[in-house]
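Spelled out from the first residue to the last, the chains are:
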Amino acid sequence: MADEPLRAHIEALVRAGTVRRKSAAAELEAEIRRREEVLRQTFRRYVSPRVADKILADTQLRDTLLTTADARAHVVVLFADLRGFTSLSEHLDPQHVVPLLNEYFSLLTEITFRYEGTVFHMAGDCLMLAFGVPLEQPDSAQRAVRAAREMLSGFAGLARTWKARYQVDAGLGIGINEGEVVAANIGSSSYMSYTIIGDTVNIAARLCQRARAGEMLFSSALKRSLDAHGLDVGATALPPLQLRGRSHPIDIYCVPLGKRLQVSTGPAAA
């Protein structure tokens, strides 16, 4: 009988320990779910929900994207840039410019995600995105061109509404290139950004700078991929483009415009 109090005390401790273990397990599970949701929302800022789910399901890929490790990838890079944005900013008050940029970026990112591309950079009026990273896409060239076509046609409608509202003109120019890049988290211990770097990116940016309003320009590397997949976009060869720092010019192509778009700016609405 003398052992009964001790036995009861031990049983109480065991029960308490079991409750604490269950409580700790429940808290751990809740924390894991919370972190997974944070990761899901983070990835969905850059990629489509479908691609985000694929990344989260692949532990190795997810961990790679969250570290500073870099990886080489064969991708298609697309730059989109507004024509007439300087005039827009000059003639409109900032409270009008911000909503226009939000409409512009919303349109382009929705189209990007529809074709399962990845958004890497937004700055001013320029958008940089890519296909084939972080997940490989054998048809990345077709995805990029189809996305570009939707962007050009979709923005044409948006530009008409801007014209009606503020009496300003705007256009969209797109440059596309295909090749090798390095995908990595770049930055410091306090701020990191997942991005792609390399000559492929630089050429795409230069092609975008040269594109007229309503036009997409692309490299011969992309043209070869389109030809290999039997996709005829009616491309026309342009004079080779000489880039600073390169010994030889690069061959470039465009999809001809039905008519030349002239971007100009009239007086803004009061």
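Residues numbered from 1 in each chain as written. Predicted model: local features only at pLDDT ≥ 70, side-chain atom pairs only at ≥ 80, totals over all residues. Heavy atoms only, no water.

(A) Expanded view of the overall build of the protein chain. When you go through the protein chain residue by residue, the secondary structure sums to eight helices and eight strands. Counting every position in the protein chain, which comprises 270 residues, the buried fraction comes to 41%. Looking at the protein chain alone, contacts between residues at least 24 apart form 67% of all its contacts between residues at least 6 apart. With an accessible surface of roughly 14900 Å², the protein chain has 54% of that area assigned to carbon and sulfur atoms. (Helix = DSSP H or I, 4+ residues; strand = E, 2+ residues; numbered from the N terminus. Buried < 20%, exposed > 50% of the residue type's maximum accessible area, 1.4 Å probe, protein only. Contact = heavy atoms within 4.5 Å. Areas by Shrake-Rupley, 256 points an atom, 1.4 Å probe, with all protein chains shown as cover.)

(B) Highlighting the environment of Ser219. Along the polypeptide, Ser219 turns up in strand 6 (residues 215–219). Under the relative-accessibility criterion, Ser219 is labelled buried at 5%. Apart from the residues lying within four places of it in its own chain, the contact partners of Ser219 are Ile176, Asn177, Glu178, Leu207, Asp251 and Tyr253.

(C) Up close: the pattern of salt bridges. Enumeration according to the criterion identifies eight salt bridges in this entry. Residues Glu103 and Arg165 are paired through a salt bridge, measuring 3.4 Å at the closest nitrogen-oxygen approach. With Glu103 in helix 5 (residues 94–114) and Arg165 in helix 6 (residues 140–166), the pair connects residues that are 62 residues apart, well separated along the chain. Arg165 sits in the partly exposed class, given a relative accessible area of 36%. A salt bridge links Arg143 to Asp139; the shortest N-O distance between them is 2.8 Å. Looking at Asp139, the relative accessible area reads 26%, which means it is partly exposed. Taken together, the shared-partner salt bridges connect Glu116, Asp139 and Arg143 into one network. (Salt bridge = Lys/Arg side-chain N within 4 Å of Asp/Glu carboxyl O.)

(D) Examining the packing of helix 6 against helix 8 (residues 220–228) more closely. For the pair helix 6 and helix 8, the least separation of the axes is 9 Å and the interaxial angle reads 105 degrees. By the angle class used here, helix 6 and helix 8 are roughly perpendicular. Facing Ala141, Gln142 and Val145 of helix 6, the residues of helix 8 in contact are Leu222, Ser225 and Leu226. (Axes fitted to C-alpha atoms, helices over the stretch in contact; angles between N-to-C directions. Parallel < 35°, antiparallel > 145°, perpendicular 65-115°, else oblique.)

(E) Up close: helix 5. With 21 residues, helix 5 ought to run about 30 Å at 1.5 Å a step, and its terminal C-alpha atoms sit 30 Å apart, in line with that. Tucked inside the fold, the buried residues of helix 5 contact strand 1 (71–83), helix 4 (85–91), strand 2 (118–123), strand 3 (126–131), helix 6 and strand 4 (171–187). Where helix 5 terminates, the next one or two residues include Glu116, which has phi positive at roughly 60 degrees. (Expected span 1.5 Å × (residues − 1).)

(F) Region of interest: the nonpolar core. Tyr104, Phe155, Ile174 and Ile176 are the most contacted members of the largest nonpolar core, which has 45 residues in total. Ranked by the residues each element gives to this core, the list is headed by helix 6, at twelve residues. Contact partners of Ile176, with chain neighbours within four places excluded, come to Val76, Val77, Leu78, Ala144, Ala148, Ala204, Leu207, Met216, Leu217, Phe218, Ser219 and Leu222. In this structure, Met128, Ala130, Val181 and Ile196 belong to the second largest nonpolar core, which totals 16 residues. (Core = buried A, V, L, I, M, F, W, Y, C linked by side-chain atoms within 4.5 Å.)

(G) Spatial organisation of the packing of aromatic side chains. Counted under the stated rule, the structure contains four aromatic pairs. Taken together, a centroid distance of 4.9 Å and an interplanar angle of 50 degrees make the contact between Tyr104 and Phe105 tilted. Note on Phe105: relative accessible area 11%, which makes it buried. Seen in terms of ring centroids, Phe155 and Trp162 are 5.5 Å apart; in terms of plane orientation they differ by 90 degrees. Their pairing is edge-to-face. Like Phe155, the residue Trp162 is buried in the burial classification. An aromatic cluster is present here, built from Tyr104, Phe105, Phe155 and Trp162 joined pairwise through their rings. For Lys223, the ring lying beneath its charged end belongs to Tyr253, and the centroid distance is 5.4 Å. (Phe/Tyr/Trp six-rings, centres within 6.5 Å; stacked < 30°, edge-to-face > 60°. Lys NZ or Arg CZ within 6 Å of the ring centre and 35° of its normal.)

(H) Helix 2 (residues 49–57), seen in detail. All of the buried residues along helix 2 are Val51, Ala52, Ile55 and Leu56. The buried residues of helix 2 occupy an angular sector of 135 degrees when the element is viewed end-on, so they sit on one face. Turned more than 90 degrees off the buried face of helix 2, the exposed positions are Arg50 and Ala57. (Arc of directions from axis to C-beta.)

(I) Examining the side chain of Gln137 more closely. Along the chain, the position of Gln137 falls in the loop between strand 3 and helix 6. Polar contacts involving the side chain of Gln137 include one to the main-chain carbonyl oxygen of Glu116, which spans 2.9 Å. Ignoring sequence-local partners within four residues, the contact set of Gln137 consists of Tyr115, Glu116, Phe131, Gly132 and Arg143. (Polar contact = N/O pair within 3.5 Å; in protein donor to acceptor, adjacent residues only side chain to side chain.)

(J) Region of interest: the environment of Gly117. Mapped onto the elements, Gly117 comes out in the loop between helix 5 and strand 2. Assessed through its relative accessible area of 0%, Gly117 is described here as buried. Along the primary structure Gly117 and Gly132 are separated by 15 residues, whereas in three dimensions their C-alpha atoms are 7.4 Å apart.

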